[in-house]
Amino acid sequence: MRLHTPGVTPSSLPWRVGAPAGAVALLLAAAACGGGGDAETAGQGSLTIWSDPERAEVLEPFAAEFGEANGVEVKVEALPADDLQGDFVTAHGAGSGPDIVVGAHDWIGNLVQNGAIDPVRLPEGAEAGYDPAAIDAVTYQDQVYGVPYAMESLLLLRNTELAPDAPATMEELVETGKALQEDGKAKEALALQVGQTGDPFHLQPLYTSAGGYLFGTDDDGDPDPSDLGVGTDASVEAMERIAGLGEKGEGVLKRSIDADNAPSLFEGGDVPYYVTGPWALAGAEDAGIDYAVSPVPGFEGAGQAAPFLGVQAFFVAAGGENKVLAEEFVVNGVGAPELASALYEADPRPPALIEVSETYQESDPDLAAMREAAEQAVPMPVIPEMSAVWDPFGKAQAAVIGGEDPASAVAAAEKAVSEQIG
């Protein structure tokens, strides 16, 4: 269970780390004197940040003090998390967007395609302060497009009263889970959300362990949209192995387990294992479950389970009125321990800043376990083509778990994805 973490004083503002208060004003003045587009970006001394409600609450005091230090009004506007990306792109197109938006790194391909964000310039040597995987995730077409603050990947949450030891393989997990069911100690062996439309994000560890992939990579290691993994022999073989866990196999993967009931199964003590993310730890703790965190196990004799790595980041809007201020806030504010610590305490996901992560690992055993679970994670592809995969491949996964032939289900998904990609 989580231990108490070090306190953070929101008023310990980080702006001293980069350009001192007033330097931004000089930059703005220089931009204004320089004429052209830079003068226009100086704007009238205001800054608008869009974030989801949880992070907006954390940002408020930092934004206020940044505004006071630089003589500008800083507004933090909270939008529903599910609407943020779409609303930001729409607002950018209409010329009414914010200066900064907070979101996931896999938005980058879509935002760049729409011309909605600019690359950011980290100070020399600053990248070394971040987890390399976080910097890799926010890098697209050889440019850094966001300042990362948190990382997340799927993990295995285990009820240690039911299952004291972490399973080394998926087969071991199934054996233990089904034995608990037969003894009447658990209602289900595993909570992994599938639902009626599938869930490629949550099934990715099993899919990759069994040899499947969504997109290949080019010579630079970047996702290659011309190499679609869905429809390959490897993808069919992977789904055949997943089918073995499905409703006509071991019965541990079920369409009846979805995003709504998976948390309650674990929090109610009805299931020993739960494939989820850092966001579920608070619920388990509040429910009084004795839990432990470990990596999602792969299939016996197969590859390692590689979940997606997600990175939360701050982006500078291409159409913002105050790009200089926006970059100052993002680069020097998010890049300082004070704000990163406050964001971690509000939503404990592994910090991207190494200094902050090391500080909290001393008092939070969950953090070290989360980082271990993320060691095999691979950044979710940022290419826009990724959006064409979720729906058809998810439906194929749900069909296979329900008992449909893997080859035909995957073929249908490949056809649908290819038609969307073009």
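Basis of the calculations
- Residues numbered from 1 in each chain as written.
- Predicted model: local features only at pLDDT ≥ 70, side-chain atom pairs only at ≥ 80, totals over all residues.
- Heavy atoms only, no water.
- UniProt positions renumbered as here; feature names shortened; annotations may be inferred.
- Helix = DSSP H or I, 4+ residues; strand = E, 2+ residues; numbered from the N terminus.
- Buried < 20%, exposed > 50% of the residue type's maximum accessible area, 1.4 Å probe, protein only.
- Contact = heavy atoms within 4.5 Å.
- Areas by Shrake-Rupley, 256 points an atom, 1.4 Å probe, with all protein chains shown as cover.
- Phe/Tyr/Trp six-rings, centres within 6.5 Å; stacked < 30°, edge-to-face > 60°.

A UniProt comment under Sequence similarities (unreviewed entry) is attached to the chain, and it reads "Belongs to the bacterial solute-binding protein 1 family."

A.B. asks: Can you help me understand the overall build of the chain in this one?
C.D. replies: Within the chain, the regular secondary structure consists of 17 helices and 15 strands. Split into buried and exposed, the 422 residues of the chain put 52% on the buried side. Look at the contacts in the chain between residues 6 or more apart in sequence, and 78% of them connect residues 24 or more apart. For the chain, the accessible area works out to roughly 17300 Å², and carbon and sulfur atoms hold 47% of it.

A.B. asks: For this particular structure, what's the right way to read the packing of aromatic side chains?
C.D. replies: Within this structure, the stated rule accounts for eight aromatic pairs. Note on Phe66 and Phe329: the rings are 5.3 Å apart at their centroids and 90 degrees apart in plane angle, and the pair reads as edge-to-face. You can see Phe66 sitting in helix α3 (residues 53–70) and its partner Phe329 sitting in helix α12 (residues 323–333), a full 263 residues away along the chain. Seen in terms of ring centroids, Tyr344 and Tyr360 are 4.5 Å apart; in terms of plane orientation they differ by 50 degrees. Their pairing is tilted. Highlighted residues: Tyr344 in helix α13 (residues 337–346) and Tyr360 in helix α14 (residues 354–361), separated in sequence by 16 residues. We classify Tyr344 as buried; its relative accessible area is 2%. Through a chain of ring-to-ring contacts, three or more aromatic side chains come together here, namely Phe201, Phe308 and Trp390.

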